[in-house]
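Listed below are the residues making up each chain.
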Amino acid sequence: MTHPRLSRMHRRSLALIAAITFPGPAAAWVDELIEAPGRHWLVLSGASHHFQPERRDWRETNPGVGIEKAFTGTPWVATAGYFRNSYDRNTLYAGARWMPLALGPVRLGAFGLIASGYPSPILVLPAASVQAGRVGVNLVAIPNLPGYSGYLGLQLRFAVD
């Protein structure tokens, strides 16, 4: 059974990303994920700001699109999508946000991803999310590290169901 408000294209895109990321019974896993109680979101990636721009010619316009599934009654959000990263490379990603702390409309936690186009394919980042009804914003941040500029990253979220 498929989710009535998630288009066929979105289901196929999610299944393709899952099949690449998690070989094997990805289609059944994706169907279970889609059918679980929660809200689906369209995510538009868009911008980053690096704290040490002199370390590299960072790309700070990061267009992309993805989907999220926020699970009702849990601090978990599944996510997958595409964007052009700060290294000016294509990035396909799949992962989850764990957002256990809530301060009004603000949620705080961590973003864990498997992502292409980076020196390490596994990313774990501090995250914040703000939501007002059917619109939201995701922020990720990492401080300056030896050999790497810290940054803030921004995504816009729109409920699709």
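Cut-off values and rules
Residues numbered from 1 in each chain as written. Predicted model: local features only at pLDDT ≥ 70, side-chain atom pairs only at ≥ 80, totals over all residues. Heavy atoms only, no water. Helix = DSSP H or I, 4+ residues; strand = E, 2+ residues; numbered from the N terminus. Contact = heavy atoms within 4.5 Å. Areas by Shrake-Rupley, 256 points an atom, 1.4 Å probe, with all protein chains shown as cover. Buried < 20%, exposed > 50% of the residue type's maximum accessible area, 1.4 Å probe, protein only. Pairing = 2+ DSSP bridges. Core = buried A, V, L, I, M, F, W, Y, C linked by side-chain atoms within 4.5 Å. Axes fitted to C-alpha atoms, helices over the stretch in contact; angles between N-to-C directions. Polar contact = N/O pair within 3.5 Å; in protein donor to acceptor, adjacent residues only side chain to side chain. pLDDT = per-residue confidence, 0-100. Phe/Tyr/Trp six-rings, centres within 6.5 Å; stacked < 30°, edge-to-face > 60°.

**Quick word on the overall build of the chain**
- Scanning the chain from N- to C-terminus turns up two helices and eight strands.
- In the chain, the succession of helices and strands from N to C terminus is α-α-β-β-β-β-β-β-β-β.
- Sequence-distant contacts in the chain: of pairs separated by 6 or more residues, those separated by 24 or more amount to 47%.
- Surface summary for the chain: the accessible area is close to 8800 Å², and the carbon and sulfur share equals 68%.

**Overview of the pairing of strand β7 (residues 135-142)**
- Burial along β7 is one-sided: the face carrying G136, N138, V140 and I142 is buried and the face carrying V135, V137, L139 and A141 is not.
- Across six bridges, strand β6 (residues 122-132) lies against β7 in antiparallel orientation. By the bridge assignment, Q131 is partnered in β7 with G136.
- Connecting β6 to the next strand, β7, in antiparallel fashion are two residues, including G133 with a positive phi near 65 degrees.
- As paired elements, β7 and strand β8 (residues 151-159) share eight bridges and run antiparallel to each other. Residue pairing across strands places I142 opposite Y151, the latter belonging to β8.

**Re the nonpolar core**
- Ranked by size, the top nonpolar core spans 16 residues in total, and within it F111, Y118, L125, V140, Y148 and Y151 carry the most contacts.
- At the level of elements, β4 (90-103), β5 (106-115), β6 and β7 are the ones that each hand at least two residues to this core.
- Setting aside anything within four residues of it in sequence, one finds F111 in contact with T79, A96, R97, L123, V124, L125, A127, V140 and Q155.

**Regarding the sheet that holds β4**
- If you walk around this closed barrel you meet the eight strands as β1-β2-β3-β4-β5-β6-β7-β8, and the pairing is antiparallel. The sheet shows a mean angle of 30 degrees between the axes of neighbouring strands, direction not considered.
- Pairing between β4 and β5: nine bridges, direction antiparallel. Bridged to R97 within β5 is F111.

**Observations regarding unusual backbone geometry**
- The backbone phi angle of D88 is positive, close to 65 degrees, even though this residue is not glycine.
- Along the chain, the position of D88 falls in the loop between β3 (76-84) and β4.

**A few points about the side chain of N138**
- Note that N138 resides in strand β7.
- Taking relative accessible area as the criterion, N138 reaches 2% and is therefore assigned buried.
- A distance of 2.8 Å separates a polar atom in the side chain of N138 from a polar atom in the side chain of E68.
- With near-sequence residues (within four places) excluded, N138 lies in contact with E68, R97, A128, S129, G153, L154, Q155 and R157.

**Here we look at the confidence of the model for the chain**
- With 78% of its residues at a pLDDT of at least 70, the chain reaches an overall mean of 84.
- Considering each helix and strand of the chain separately, the mean pLDDT is smallest for helix α1 (residues 8-21), with a value of 58, and largest for β4, with 96.

**Let's talk about the packing of aromatic side chains**
- Scanning all chains against the criterion turns up four aromatic pairs.
- Between W76 and W98, the ring centres sit 6.4 Å apart and the planes meet at 35 degrees, which makes this aromatic pair tilted. Highlighted residues: W76 in strand β3 and W98 in strand β4, separated in sequence by 22 residues.
- A residue is classified by how much of its surface remains accessible, and W76, at 44% relative accessible area, is partly exposed.
- A centroid spacing of 5.7 Å and a plane angle of 55 degrees characterise the contact between F83 and Y93, whose relative ring orientation is tilted.

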